[in-house]
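# Working through the structure, step by step
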Amino acid sequence: MATSQSLSQAAGAPGRKRFFSTFCPPQVLDKDCQKIQEAFIKSFTSKDPCNVTEQDYQLFIELTNEIVPCDKTVFWSKTKELAHQYTEIQQEMFTLENTLLGYIVDGLRWCGDAGSSEINYKSCPDWREECFNNSVSVFWNAVSKRFAEDACGVVHVVLNGSLIKAFDEKSTFGRVEIRNLHPQKVHTLQAWVMHSIGGIASISCSSSSIFNLKTIINERNITFTCQDNYRRGTCMGAK
Ligand code: 2NF
């Protein structure tokens, strides 16, 4: 229910140093990160936690603006750990959480209160049960949209082939990210369908769930390719 982890704790979490050494030179970090933290907190404090807008995060998003190079964007859906293991090894590939914006808040929950300028550490609405326009959901929708809009070249997605809905139209990837890819910039979406992640199903590139994704992508004039159990160094099979 409540925000329990502070921003500074999150930034110091093990295994997450990569962003700062890659993108943010130490001399810039101290000053700008203070400004960024303030902008983030201002985005949702003094506001009804069920009535936050994407506009509220505008300044925070602008301050953390950075562009992932073409061909290096990695989306994921129900495969967070695996996707992050991959980008940890492939340091030139980036999930949203490998960018400053995603990095700062990944793993956190937060909200404010209309009657107070403080962070509400006691209780925040549950995004599944209480309200759609809560501080956390609105944030991830806004930044996922931005991440997709900025993507270019060949983009990648790691999907969970152990789930019947390896591609779920209601997920952030299905609802927001694929709908905001620009066909003028993105020519191919490459799906990596990974098996044995922990579910019971065994979904492959030829399953109806993946076909559904291919149809949506092709309708958007973007080429779709898919590979089962992608391993680094193997070639991608076009479907
Ligand atoms: O927490 C994150 N780092 C996060 C949250 C939402 C979206 C990251 N994203 C971005 C990533 F960049 C991925 O490319 O979207 C993609 C993953 O989202 P998904 O919904 O396709 O994948 P799931 O595994 O179903 O969900 C990822 C996490 O987000 C939470 C969910 O509980 C899980 O922890 N989540 C999903 N939808 C919402 C929502 N509407 C949500 N949290 C709040 N509101």
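Model, not experiment: these values are computed from the prediction.

Rules and cut-offs
Residues numbered from 1 in each chain as written. Predicted model: local features only at pLDDT ≥ 70, side-chain atom pairs only at ≥ 80, totals over all residues. Heavy atoms only, no water. Near = heavy atom within 4 Å. Polar contact = N/O pair within 3.5 Å; in protein donor to acceptor, adjacent residues only side chain to side chain. Areas by Shrake-Rupley, 256 points an atom, 1.4 Å probe, with all protein chains shown as cover. Helix = DSSP H or I, 4+ residues; strand = E, 2+ residues; numbered from the N terminus. pLDDT = per-residue confidence, 0-100. Disulfide = S-S within 2.5 Å. Buried < 20%, exposed > 50% of the residue type's maximum accessible area, 1.4 Å probe, protein only.

Taken together, 18 residues lie near the ligand, and Ser77, Lys78, Glu97, Ser137 and Thr172 sit nearest. In this structure, a nitrogen atom belonging to the ligand sits 2.7 Å away from a side-chain N or O atom of Glu97. For the ligand, a nitrogen atom lies 2.4 Å from a polar atom in the side chain of Ser137. Alone, the ligand offers 740 Å² of accessible surface; in the complex the protein occludes 84% of this. Among the elements of the structure, strand E1 (74-77), helix H7 (135-150) and helix H8 (172-177) are those that each provide at least two residues to the shell around the ligand.

This part is about the confidence of the model for the chain. Taken as a whole, the chain shows an average pLDDT of 84; of its residues, 83% reach a score of 70 or greater. Scored as a whole, the predicted complex attains pTM 0.87, and scored at its interfaces, ipTM 0.97.

Right, let's talk about the state of the cysteines for a bit. One pass over the structure, following the stated rule, counts four disulfides. Note that Cys50 is cross-linked by a disulfide to Cys131, the S-S spacing being 2.0 Å. Disulfide Cys50 to Cys131: torsion about the S-S bond roughly -75 degrees, handedness left-handed. Of the two residues, Cys50 is situated in the loop between helix H3 (26-44) and helix H4 (58-63) and Cys131 in the loop between helix H6 (100-105) and H7; the sequence distance between them amounts to 81 residues. Disulfide partner of Cys205: Cys226, at an S-S distance of 2.0 Å. Residues Cys205 and Cys226 are joined through a disulfide that is left-handed, its torsion about the S-S bond being -80 degrees. Taken together, the positions of Cys205 in the loop between strand E3 (186-194) and helix H9 (208-219) and Cys226 in strand E4 (residues 223-228) put the pair 21 residues apart, joining distant regions of the chain. Using a relative accessible area of 2% as the deciding quantity, one classes Cys226 as buried. In the chain, the bonded cysteines, numbered by position in the sequence, are linked as 1-5, 2-6, 3-4, 7-8.

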